[in-house]
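# Tertiary structure, described
Here's the letter readout for the chains.
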Amino acid sequence: MVSWRANSALAFPVAVLGIAIFSSMDAVMKGLVIALGAYDTLLWRTLAGAILTGLIYLPRRRGWPSRATMRVHLIRGAVSAVMAVTFFWGLARVPMAQAIALAFIAPLLALFGAAFVLKEKIPRRAIVASLIAFAGVGVIMLGQAAAAPSPDRFRGTVAILVSAVCYAYNIVLMRQQALIAGPSEVAFFQSVIVGAILALAAPFLLHVPDTRHAPMILLAALLATVSLLLLAWAYARGEANYLAPTEYTGFIWAALWGWVVFHEAVAPYTLVGAAMIITGCLIAARRRGIENVEAAL
């Protein structure tokens, strides 16, 4: 029991770390998408990820997943393929901070999706935490509204919103998947299934990138793999409605990498919104801390 409680308490910071690594991967991917295009970048990164996760999972597996488990792997892989293509296509057309801010509708939708699909109870504090964080996103969007509009940025915005809807379902599936499979299995089948789906269009869209892009493709695959492992571990030990607000911390990293790598300015509205997002996450973390103390008593 002590070990379970310790793992449960660690789920939140581990999920935060997973999001930080995933957001860093977004910065690498944005540079690659600008250079290579969304399809080529995703396919080559996913194939590299399948090799990395295969080296971890295959030597240690004790058998193939059951039909029911494979069904969850396949559903999440299909959802993730659509989510990734639309997100990274949009990411190349809007600033990183704005892209992540738009994607923040996903955890709020996932909160209610978890109640519908996983039959999880939604605590009042979790709802308040997500609404505060979502209000922070609204503040950021007010600041973005002042920017000069363009058709390309509008298309990118629509693509990211489509991705966010997929990601909301993906968060629920992540919890469902983590309860029936280990982190290495989740990461392996995620890469293989997404890669297989993307490969269907290879005869029409695939190009072999210049070898100078290989290190960044491998780095993106490594960051994606580590993030998948960490998030699978966390979602196996914490409910989706508890961990969903950790997604909001990705904005901090998006703003940082957007500024450092792509020279994208961070507006005052963005800073205020980020503060509200962090507040929401702290409220969610405090909720869990109270539950752990009460359980120990």
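Predicted model only: the values in this text are computed from it and were never measured. (Residues numbered from 1 in each chain as written. Predicted model: local features only at pLDDT ≥ 70, side-chain atom pairs only at ≥ 80, totals over all residues. Heavy atoms only, no water.)

## Brief notes about helix H12 (residues 250-262)
In this model, H12 (13 residues) spans 17 Å end to end at C-alpha, consistent with the 18 Å of a helix rising 1.5 Å per residue. Of all the residues in H12, the buried ones are Gly250, Phe251, Ala254, Ala255 and Gly258. Projected onto a plane normal to the axis of H12, the buried residues spread over an arc of 140° and lie on a single side. Once H12 ends, the next one or two residues include histidine 263, with phi positive near 55°. (Helix = DSSP H or I, 4+ residues; strand = E, 2+ residues; numbered from the N terminus. Expected span 1.5 Å × (residues − 1). Buried < 20%, exposed > 50% of the residue type's maximum accessible area, 1.4 Å probe, protein only. Arc of directions from axis to C-beta.)

## Comments concerning the confidence of the model for the protein
Per-chain confidence: the protein averages 82 in pLDDT, with 85% of residues scoring 70 or above. Looking across the protein, the model is least confident in helix H13 (residues 268-296), with a mean pLDDT of 63, and most confident in helix H2 (residues 38-57), with 93. Across residues 287-297 the pLDDT falls below 50, and counting only partners more than four positions away or on other chains, this stretch makes 13 contacts in the model. (pLDDT = per-residue confidence, 0-100. Contact = heavy atoms within 4.5 Å.)

## Thoughts on the pattern of salt bridges
The tally for this structure, following the rule as stated, stands at four salt bridges. A salt bridge links arginine 93 to aspartate 152; its shortest N-O distance comes to 3.3 Å. You can see arginine 93 sitting in the loop between helix H3 (67-91) and helix H4 (96-103) and its partner aspartate 152 sitting in helix H7 (residues 151-178), a full 59 residues away along the chain. In this structure arginine 93 comes out as partly exposed when scored by relative accessible area, which is 27%. Close ionic contact of aspartate 152 with arginine 155 constitutes a salt bridge, the shortest N to O distance being 3.6 Å. Within this pair, aspartate 152 and its partner arginine 155 are both found in helix H7, separated by three residues, close to a single helical turn. It is possible to trace a salt-bridge network through shared partners that takes in Arg93, Asp152 and Arg155. (Salt bridge = Lys/Arg side-chain N within 4 Å of Asp/Glu carboxyl O.)

## Looking at the environment of glycine 258
Position of glycine 258 relative to the elements: it lies in helix H12. Using a relative accessible area of 1% as the deciding quantity, one classes glycine 258 as buried. With 161 residues separating them along the chain, glycine 258 and alanine 97 place their C-alpha atoms 6.8 Å apart. The contacts of glycine 258, once residues within four sequence positions are left out, are Met96, His263 and Glu264.

## Focus: the nonpolar core
Within the largest apolar cluster, 43 residues are counted, with the highest numbers of intra-cluster contacts made by Phe87, Phe88 and Phe251. In terms of residue count, helix H1 (residues 2-36) provides more of this core than any other element does, eight residues in total. Once residues lying within four places of it in the same chain are set aside, the contact partners of phenylalanine 88 are Met25, Asp26, Met29, Val33, Ala38, Leu42 and Arg45. (Core = buried A, V, L, I, M, F, W, Y, C linked by side-chain atoms within 4.5 Å.)

## Section: the environment of threonine 157
Residue placement: threonine 157 occurs in helix H7. Remark: the alpha-carbon pair of threonine 157 and threonine 86, spanning 71 residues in sequence, is separated by 9.8 Å. Aside from chain neighbours lying at most four places away, what touches threonine 157 is Val94, Gln98 and Leu102.

## Looking at a nonpolar patch on the surface
A cluster of nonpolar residues, Ile252, Trp253, Leu256, Trp259, Val260, Val261, Val266, Leu271 and Ile278, forms a patch on the protein surface that exposes about 770 Å² of accessible area. Breaking the nonpolar patch down by element, the ones donating at least two residues are H12 and H13. Ranked by the residues each element gives to the nonpolar patch, the list is headed by H12, at six residues. By the secondary structure assignment, valine 261 is in helix H12. For valine 261, a relative accessible area of 41% translates into the label partly exposed. (Patch = residues over 30% accessible without salt bridge, like charges linked within 9 Å, V, L, I, M, F, W, Y side chains within 5 Å. Areas by Shrake-Rupley, 256 points an atom, 1.4 Å probe, with all protein chains shown as cover.)

## Brief notes about the packing of aromatic side chains
Within this structure, the stated rule accounts for five aromatic pairs. A ring pair is formed by tryptophan 64 and phenylalanine 189, whose centres lie 6.3 Å apart and whose planes are at 75°; its orientation type is edge-to-face. Residue tryptophan 64 is found in the loop between H2 and H3, and its partner phenylalanine 189 is found in helix H8 (residues 183-199); the two are separated by 125 residues along the sequence. Judged by centre distance (5.2 Å) and plane angle (80°), the ring pair of phenylalanine 87 and phenylalanine 88 falls under edge-to-face. When its relative accessible area of 4% is taken as the criterion, phenylalanine 88 is described as buried. In this structure, arginine 61 packs its charged tip against the face of tryptophan 64, placed 3.9 Å from the ring centre. (Phe/Tyr/Trp six-rings, centres within 6.5 Å; stacked < 30°, edge-to-face > 60°. Lys NZ or Arg CZ within 6 Å of the ring centre and 35° of its normal.)

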